[in-house]
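Commentary on secondary and tertiary structure
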Amino acid sequence: MPDISVTVERPSDVLEDAFMDAMEDFLALLIDLTPVATGFCASSWDADISSDEATFSNSCDYSSYLDEGWSDQQPDGMINPALDQLPGLLDDAMAKYYK
């Protein structure tokens, strides 16, 4: 069982391809937001992305501590700051399809 996970459902007004693009960007953002000492936790992110939803999980034993802000590198954790940026990621992905 993963130590932490988050599932994102595709909003009805977002194209499937745009959602898939945004979820790839969301995974990259989670990795970037993960504090790094050895890089193990950042490399432990996994994603199951479909056209309707995406689940991101991290099975690193201490990922929940990092997500609770135990690191000075990322005191706000990883998941909530990434979710805060999700609307922008979806907007950017949609803009690619409505040029």
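One can find the structure itself at the top, above this paragraph.
Definitions and cut-offs
Residues numbered from 1 in each chain as written. Predicted model: local features only at pLDDT ≥ 70, side-chain atom pairs only at ≥ 80, totals over all residues. Heavy atoms only, no water. Helix = DSSP H or I, 4+ residues; strand = E, 2+ residues; numbered from the N terminus. Rg over C-alpha atoms; globule rule 2.2 N^0.38 Å. Contact = heavy atoms within 4.5 Å. Patch = residues over 30% accessible without salt bridge, like charges linked within 9 Å, V, L, I, M, F, W, Y side chains within 5 Å. Areas by Shrake-Rupley, 256 points an atom, 1.4 Å probe, with all protein chains shown as cover. Salt bridge = Lys/Arg side-chain N within 4 Å of Asp/Glu carboxyl O. Lys, Arg positive; Asp, Glu negative; His and termini not counted. Charge placed at Lys NZ, Arg CZ, Asp CG, Glu CD. Buried < 20%, exposed > 50% of the residue type's maximum accessible area, 1.4 Å probe, protein only. Core = buried A, V, L, I, M, F, W, Y, C linked by side-chain atoms within 4.5 Å. Pairing = 2+ DSSP bridges.

1. Thoughts on the overall build of the protein
- Helix and strand counts for the protein come out as three helices and three strands.
- The order of helices and strands in the protein, counted from the N terminus, is β-α-β-β-α-α.
- On C-alpha atoms alone, the protein measures out to a radius of gyration of 14 Å, which is about the 13 Å that the 2.2 N^0.38 rule sets for 99 residues.
- In terms of principal-axis extent, the alpha carbons of the protein reach across some 40 × 25 × 20 Å.
- For the protein, the proportion of contacts with a sequence separation of at least 24, taken over those separated by at least 6, is 67%.

2. Considering a negative patch on the surface
- On the surface, a cluster of negative charge is made up of E9, D46, D48 and E53.
- Examined against the element boundaries, D48 turns out to sit in strand β2 (residues 45–49).
- For D48, a relative accessible area of 55% puts it in the exposed group.

3. So, a nonpolar patch on the surface
- On the surface, F40, Y62, Y65 and W70 cluster together to form a nonpolar patch covering roughly 470 Å² of accessible area.
- With respect to the helices, strands and loops of the structure, W70 is situated in the loop between α2 (63–67) and α3 (79–97).
- Look at W70 and you get exposed, because its relative accessible area is 61%.

4. Some details on the nonpolar core
- The biggest cluster of nonpolar side chains holds 26 residues, and the ones touching the most others in it are M23, F26, L30 and F56.
- Elements with a contribution of two residues or more to this core: β1 (4–9), α1 (16–33), β3 (53–58) and α3.
- Of all the elements, α1 adds the most residues to this core, at eight residues.
- Residues within four places of F56 in sequence aside, it is in contact with I4, S5, V6, V8, M23, F26, L27, L30, W45, D46, A47 and I49.

5. Details of the pairing of β1
- Side chains I4, V6 and V8 project from β1 onto a buried face, and the interleaved S5, T7 and E9 project onto a face without burial.
- Both β1 and β3 contribute to a ladder of six bridges, which runs antiparallel. In the sheet register, I4 faces β3, and the bridge partner there is N58.

Taken by themselves, the reported measurements are silent on function.
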